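Breakdown of the fold
Chain by chain, the residues run as shown.
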Amino acid sequence: MNSFLPFTRPTIDEQTIAEVAQVLRSGWLASGPKVKAFEAALSQYCGGRPVRTQTSATASLEHALLACGIGAGDEVIVPAMSFVASANVVVRTGARPVFVDVNLDTRNIDLDQAEAAVSARTRAIMPVHLCGMPVDCDRVYALAERHQLRVIEDAAQAMGSSYRGRRIGSFGDLVCFSFHPNKNITSIEGGAVVGGSPEEVHELELHRFHGQEKSAADAFETYFAGGKANLTDVAACVGLGQLRRLEEFNARRRDLAARYFELWGEDAPLALPARGDAGHNWHMFAARLPLERLRISRLEFIEAMAARGIGIGVHYPAIHLFSAYRALGYREGQFPNAERIGRETVTLPLFPAMSFEDVGRVVHATNEVLREAKR
Ligand SMILES: *Cc1c(COP(=O)(O)O)cnc(C)c1O
């Protein structure tokens, strides 16, 4: 019997572990030289644009909105299919998230619906590069220009993705990455905002540290009651070790995804994800179950796969159906594609340390479970 195959798992190399030990012995654990170095390396990766790190992409997104001056009375357009953080951060600024549906196959925001959702109160749009598949950035930025909107890209899943040959983060307005352990590279927890005017970058620095600025060894000013979301040097050290491996990790993810498509060919027993192009970083391999043709529920599928030693994820339930968003007036039936994805989605294992044999195991188990479950 093979060991349990989770749907994802980070790869931390021995060199990184040794470097973390050095940081732990250095006497400097909170934000210090490693954070500076990580931000510089991320900036270099993103074409020299400014980068400020935070303790999570959730904080990055919230601070990016605040740095744009978004708050009460404003509206931000958000896809109904994403991790709930995309909408939560808008609510936390006091603004209203205005949901729109996504495309059933790419799972990315429907830009016709986004354009129709623009009102006099709309200040920004938050496209999400779901599963690492880039949104149509040309159309997003053309729409934003037509309506004078800011663009806060939720690129939590898009580290190393590119759009028409340009890296996500190397162009555009404010772009937010996540370094949670499930993402393509990790800093344990962590996030970053790429871009912004010098004033906005300053705002980002204030938001992550008490709204406070130090101008001399004995001189501090606090401009507003800020929170605290500065990265640690331990986290940044892990992030630096991961960034060195990003291209290699993503190349491996692309090969593993290609293997799934190759093994399933045209007759997969479930709806495979859109294939995208070479700019897809394959953050996740998320398929849809044909529930109407099955005698089992998604939960029973997950349990049957677990019994075969395979972990299955669910990314994500449609955001507008959570009680926090029903309370804002959202209802079932408003965003059919997001709702359908929310019901049918299953994330199959995909991470750099997987073997082609592991992919074969997942395909075999899936075929077996779904064959037995056919109506
Ligand atoms: C992971 C994720 C986030 C939040 O990232 P954290 O670093 O965990 O705060 C936000 N949006 C999307 C689409 C994500 O996948």
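Since the structure is predicted, the reported quantities are computational estimates derived from the model, not experimental observations.

A word on the overall build of the protein. Looking only at helices and strands, the protein has 13 helices and 13 strands in total. Taking 375 residues into account, the globule formula puts the C-alpha radius of gyration at 21 Å, and the protein, at 21 Å, falls close to it. Taken along the three principal axes of its C-alpha coordinates, the protein extends 70 × 55 × 35 Å. With 375 residues in all, the protein has 53% of them scored as buried.

The next point concerns the site of the ligand. Taken together, 16 residues surround the ligand, and among them Thr58, Asp154, Gln157, Ser178 and Lys183 come closest. The separation between an oxygen atom of the ligand and a polar side-chain atom of Ser178 is 2.7 Å. Within the contact set of the ligand, an oxygen atom lies 3.4 Å away from a side-chain nitrogen or oxygen of Tyr316. In the complex, 93% of the free accessible area of the ligand, which totals 380 Å², lies under the protein chains. In this structure the site holding the ligand corresponds to the second largest pocket. Counting only elements with at least two residues in the shell around the ligand, the list comes to α3 (57-67) and α4 (85-93). Each residue belonging to the shell around the ligand can be placed in one class, and the counts come to 6 nonpolar, 8 polar and 2 charged.

Here we come to helix α1 (residues 14-26). Helix length check: α1 (13 residues) gives 18 Å between terminal C-alpha atoms against 18 Å at 1.5 Å per residue, within 8%. Among the residues making up α1, those that are buried are Thr16, Glu19, Val20 and Val23. Seen from one end, α1 has its buried residues packed into an arc of 105 degrees, which puts them on one side. For α1, the exposed residues set more than 90 degrees away from the buried face come down to Glu14, Gln22, Leu24 and Arg25. Looking at the buried side of α1, the elements it contacts are α2 (33-45) and α8 (233-243).

Attention shifts here to the sheet that holds strand β4 (residues 122-125). Strand order in the open sheet made by the 7 strands is β1-β9-β8-β5-β4-β2-β3, with mixed pairing throughout. Both edges of this open sheet fall to β1 (51-54) and β3 (96-100), since each of them pairs with a single strand only. Going from strand to strand, the sheet's axes swing by 25 degrees on average, the running direction of each strand aside. Its contacts with the sheet put α2 on β1 and β9 (191-194), and the angle it makes with β1 is roughly 130 degrees. Where α3 meets the sheet, it contacts β1, β2 (75-79), β5 (150-154), β8 (174-178) and β9, and its direction lies at approximately 165 degrees from that of β8.

What follows covers the domain arrangement of the protein. Considered domain by domain, the protein is made up of domain 1 (14-243) and domain 2 (246-372). Each of domain 1 and domain 2 was reduced to a C-alpha centroid, and the two centroids are 26 Å apart. Each side of the interface is counted separately: domain 1 has 40 residues, and domain 2 has 35 residues. Across the salt bridge formed by Arg167 and Glu247, the nearest N and O atoms sit 3.9 Å from each other. Counting every contact that joins domain 1 to domain 2 gives 25 residue pairs in polar contact (both at pLDDT 80 or more). Of all elements in the fold, only α4, β3 and α8 reach the threshold of two or more residues within the side of domain 1 that touches domain 2. The element contributing the most residues to the side of domain 1 that touches domain 2 is β3, with 5 residues. When grouped by side-chain class, the residues that make up the side of domain 1 that touches domain 2 number 22 nonpolar, 12 polar and 6 charged.

At a closest axis distance of 10 Å, the pairing of helix α9 (residues 246-264) and helix α13 (residues 356-372) adopts a crossing angle of 40 degrees. When the interaxial angle is binned, α9 and α13 end up oblique. Here α9 and α13 pass one another in a crossing that is right-handed. Counting all contacts with α9, which are made through Arg252, Asp255, Leu256, Arg259, Tyr260, Leu263 and Trp264, the residues of α13 involved are Phe356, Val359, Gly360, Val362, Val363, Thr366 and Asn367. Looking at the contact of α9 with α13, its residues break down into 8 nonpolar, 3 polar and 3 charged.

Enumeration over the complete set of coordinates arrives at 20 salt bridges. A salt bridge links Arg208 to Glu39; the nearest nitrogen and oxygen atoms lie 2.9 Å apart. Pair noted here: Arg208 is in helix α7 (residues 198-208) and Glu39 is in helix α2, with a separation of 169 residues, a long-range link. Residue class for Glu39 comes out buried when judged on its relative accessible area of 8%. One salt bridge connects Glu344 with Arg288, and the closest N-O pair in it is separated by 2.9 Å.

Next up on the list: the packing of aromatic side chains. Enumeration over the complete set of coordinates arrives at 10 aromatic pairs. Taken together, a centroid distance of 5.6 Å and an interplanar angle of 45 degrees make the contact between Phe83 and Tyr316 tilted. Note that Phe83 is positioned in the loop between β2 and α4 and Tyr316 in the loop between α10 (298-307) and α11 (323-326), a separation of 233 residues in sequence. Relative accessible area serves as the criterion here: at 42%, Phe83 is assigned to the partly exposed category. Classification of Tyr316 as buried rests on a relative accessible area of 9%. Arranged with centres 4.4 Å apart and planes meeting at 25 degrees, the rings of Tyr260 and Phe285 form a pair that is stacked. Here Phe285 lies in strand β12 (residues 285-288) and Tyr260 lies in helix α9, a separation of 25 residues in the sequence. A relative accessible area of 0% places Tyr260 in the buried class. One aromatic cluster is present, built from ring pairs that chain together Tyr260, Phe261, Trp264, Trp282 and Phe285. The ring of Phe171 carries Arg166 above its face, with NZ or CZ at 4.2 Å from the centroid.

What counts, and where the lines are drawn
- Residues numbered from 1 in each chain as written.
- Predicted model: local features only at pLDDT ≥ 70, side-chain atom pairs only at ≥ 80, totals over all residues.
- Heavy atoms only, no water.
- Helix = DSSP H or I, 4+ residues; strand = E, 2+ residues; numbered from the N terminus.
- Rg over C-alpha atoms; globule rule 2.2 N^0.38 Å.
- Buried < 20%, exposed > 50% of the residue type's maximum accessible area, 1.4 Å probe, protein only.
- Near = heavy atom within 4 Å.
- Polar contact = N/O pair within 3.5 Å; in protein donor to acceptor, adjacent residues only side chain to side chain.
- Areas by Shrake-Rupley, 256 points an atom, 1.4 Å probe, with all protein chains shown as cover.
- 1 Å grid on protein atoms, 1.4 Å probe; cavity = no way out; pocket = protein on both sides within 12 Å on 5 of 7 lines; lining within 4 Å.
- Sits in = over half its atoms within 2 Å of the grid points.
- Nonpolar A, V, L, I, M, F, W, Y, C, P; charged D, E, K, R; others polar.
- Expected span 1.5 Å × (residues − 1).
- Arc of directions from axis to C-beta.
- Contact = heavy atoms within 4.5 Å.
- Pairing = 2+ DSSP bridges.
- Axes fitted to C-alpha atoms, helices over the stretch in contact; angles between N-to-C directions.
- Domains from an automatic or database assignment.
- Salt bridge = Lys/Arg side-chain N within 4 Å of Asp/Glu carboxyl O.
- Parallel < 35°, antiparallel > 145°, perpendicular 65-115°, else oblique.
- Left-handed = near helix turned anticlockwise from the far one by under 90°.
- Phe/Tyr/Trp six-rings, centres within 6.5 Å; stacked < 30°, edge-to-face > 60°.
- Lys NZ or Arg CZ within 6 Å of the ring centre and 35° of its normal.

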